[in-house]
Every structure is written in structure tokens, then in C-alpha cells.
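# Coordinates in review
Letter by letter, the chains look like this.
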Amino acid sequence: VLVTDKNGRNVKGENGEYLTNAVAIERPIVLGRRIECPDYAINIPDGWSDSKTSSDLIIKRDGSEDQIKIITAGDKKFDEVVQGSQEYIDNMMKLASNVVKENKAVKIGEKDAHYVSGFTPDFQGKQIFMGFVFFEHNGTTFSVALTSDRNFGESLDEILSILGTIEFVL
């Protein structure tokens, strides 16, 4: 952040450039086409927009219901987070028929990750998709929730590519 004097004016250093101080952030901050979080940052890809990012980073594909929500799972272990999400999808999909499920290992760049999803083409006349991508970075588990009104899993390569652009602070 820019350093200010007691009157709120920006302060310049000896070289004539404005002085800045680093400040730790506790919640995501949207800066134009970039979202900065305490542990990571991402540039919003073309064709996507911020979607009410508050405690978690959320982007949405323009003109669609495709949404990506990145959640830091705190101190929960990777296997625990994957299991909980699989159970969530199983319970959600018990309400629907013709459910297509996926559960597989994937890669985000060179990073090992896991993908689980459920899609029903007809739930009370609507299509419903819910999926998750899980990965770890420096001991922190990340859970990426994917939702849409279509089979968003058909865009898995694009999703993994977007996640591959995350810049980690840790």
C-alpha cells in the first residue's frame, strides 16, 4: 500500500518515487483482472469475471453458470477433504436419476491433483453439475468447487489450465 502522511497524501522517497509498505491480507482482494488472496493469487482469465469474491476466490464464466470457487481447506488433510466432498456429491446425487460420476487422478501442471464430480442431465427438468478438484501446496490442501447447469466436467482441461496459473505466496 502507498505510505501516506497525517493528511492522507502519498509520500515520496528521496528518489521521487512514492513509498510503499507491504501489508498482510486476510481476505481476497480484487484488483482489476487479478485476485490476491493471503496464500495465492490468480489473474482472471479472458472470458471470466470475478463473482462476488469474499472469503473465497470465486470466478464465473461470462454468459454462463460455470463457476470456480477456490477454498483453502485450513488444517484438514488431503484425504479427509477428498472423502468429505465425495460424500457430499453422493448425497446430492441421491436425489437425481441418471447420474454420471467421475473420480480420478489429474495433474495441474506438474502437481498431482484429484477430481471428483457428479452430473445429472435431468433433475426436475434441469441439468446439475457439481465437482471438485483437490491439490496440495506446501502442506496446505486446496479444494476447488465447480458448479454449473451443464456438464462442466467436459471443460476439465480448461479448468486445470486455469488452476495451473495460480501464483503461490507460500
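These figures come from a predicted structure and were not determined experimentally.

The next thing to look at is the sheet that holds strand E3 (residues 40-43). Across the sheet, which stays open at both edges, the four strands sit in the order E1-E2-E3-E11 with antiparallel pairing between neighbours. Of all strands in the sheet, those bounded by a partner on one side alone are strand E1 (29-31) and strand E11 (167-168). Relative to E11, E3 is paired through two bridges, and the arrangement is antiparallel. The residue bridging Ala 41 from the neighbouring strand is Glu 167, located in E11.

What follows concerns helix H1 (residues 78-93). Spanning 16 residues, H1 covers 23 Å between terminal C-alpha atoms, matching the ideal 22 Å at 1.5 Å per step. Packing partners of the buried residues in H1 comprise strand E7 (100-108), strand E8 (111-123), strand E9 (126-137) and strand E10 (140-148).

Right, let's talk about the nonpolar core for a bit. Residues Ile 68, Ile 70, Val 133 and Leu 146 are the most contacted members of the largest nonpolar core, which totals 28 residues. Here this core gets five residues from one element, more than from any other, and that element is helix H2 (residues 156-163). In this structure Val 133 touches Ile 108, Ala 113, His 114, Tyr 115, Phe 142, Ser 143, Val 144, Leu 146, Leu 156, Leu 160 and Leu 163, once residues within four positions along its chain are discounted. Within the second largest apolar cluster, eleven residues are counted, among which are Val 81, Ile 89, Phe 132 and Phe 134.

For the rest of this paragraph, the subject is the environment of Glu 36. The residue Glu 36 is located in strand E2 (residues 34-36) in this model. A residue is classified by how much of its surface remains accessible, and Glu 36, at 23% relative accessible area, is partly exposed. Discounting residues that sit within four places of it in the chain, Glu 36 has contacts with Ile 25, Arg 27, Pro 28, Ile 29, Leu 31 and Ala 41. A polar contact of 2.6 Å, which involves the side chain of Glu 36, links it to the side chain of Arg 34.

This brings us to the pattern of salt bridges. With the rule as written, the count across this model stands at ten salt bridges. A salt bridge links Asp 66 to Arg 150, with the shortest nitrogen-to-oxygen separation between them at 2.7 Å. Linking Asp 66 in the loop between strand E5 (57-61) and strand E6 (67-72) with Arg 150 in the loop between E10 and H2, this pair joins segments that are 84 residues apart in sequence. Judged by relative accessible area, which is 27%, Arg 150 ranks as partly exposed. One salt-bridge network, in which partners are shared between bridges, spans Arg 61, Asp 66, Arg 150 and Glu 158.

With that settled, consider the sheet that holds E6. The strand order across the open sheet formed by seven strands is E4-E5-E6-E10-E9-E8-E7, and the pairing between neighbours is antiparallel. Whereas interior strands pair on both sides, the edge strands pair on one side only; in this sheet they are strand E4 (48-50) and E7. Sheet twist, expressed as the average angle between the axes of neighbouring strands with direction ignored, equals 20°. Pairing of E5 with E6 involves four bridges; the strand directions are antiparallel. Within E6, the position partnered with Leu 57 by the bridge is Ile 70. Taken strand by strand, H1 contacts E7, E8, E9 and E10, and its axis lies near 175° from that of E9. Relative to E7, H2 is tilted by about 40°, and along the sheet it contacts E4, E5, E6, E7, E8, E9 and E10.

The rules we used
Residues numbered from 1 in each chain as written. Predicted model: local features only at pLDDT ≥ 70, side-chain atom pairs only at ≥ 80, totals over all residues. Heavy atoms only, no water. Pairing = 2+ DSSP bridges. Helix = DSSP H or I, 4+ residues; strand = E, 2+ residues; numbered from the N terminus. Expected span 1.5 Å × (residues − 1). Contact = heavy atoms within 4.5 Å. Core = buried A, V, L, I, M, F, W, Y, C linked by side-chain atoms within 4.5 Å. Buried < 20%, exposed > 50% of the residue type's maximum accessible area, 1.4 Å probe, protein only. Polar contact = N/O pair within 3.5 Å; in protein donor to acceptor, adjacent residues only side chain to side chain. Salt bridge = Lys/Arg side-chain N within 4 Å of Asp/Glu carboxyl O. Axes fitted to C-alpha atoms, helices over the stretch in contact; angles between N-to-C directions.

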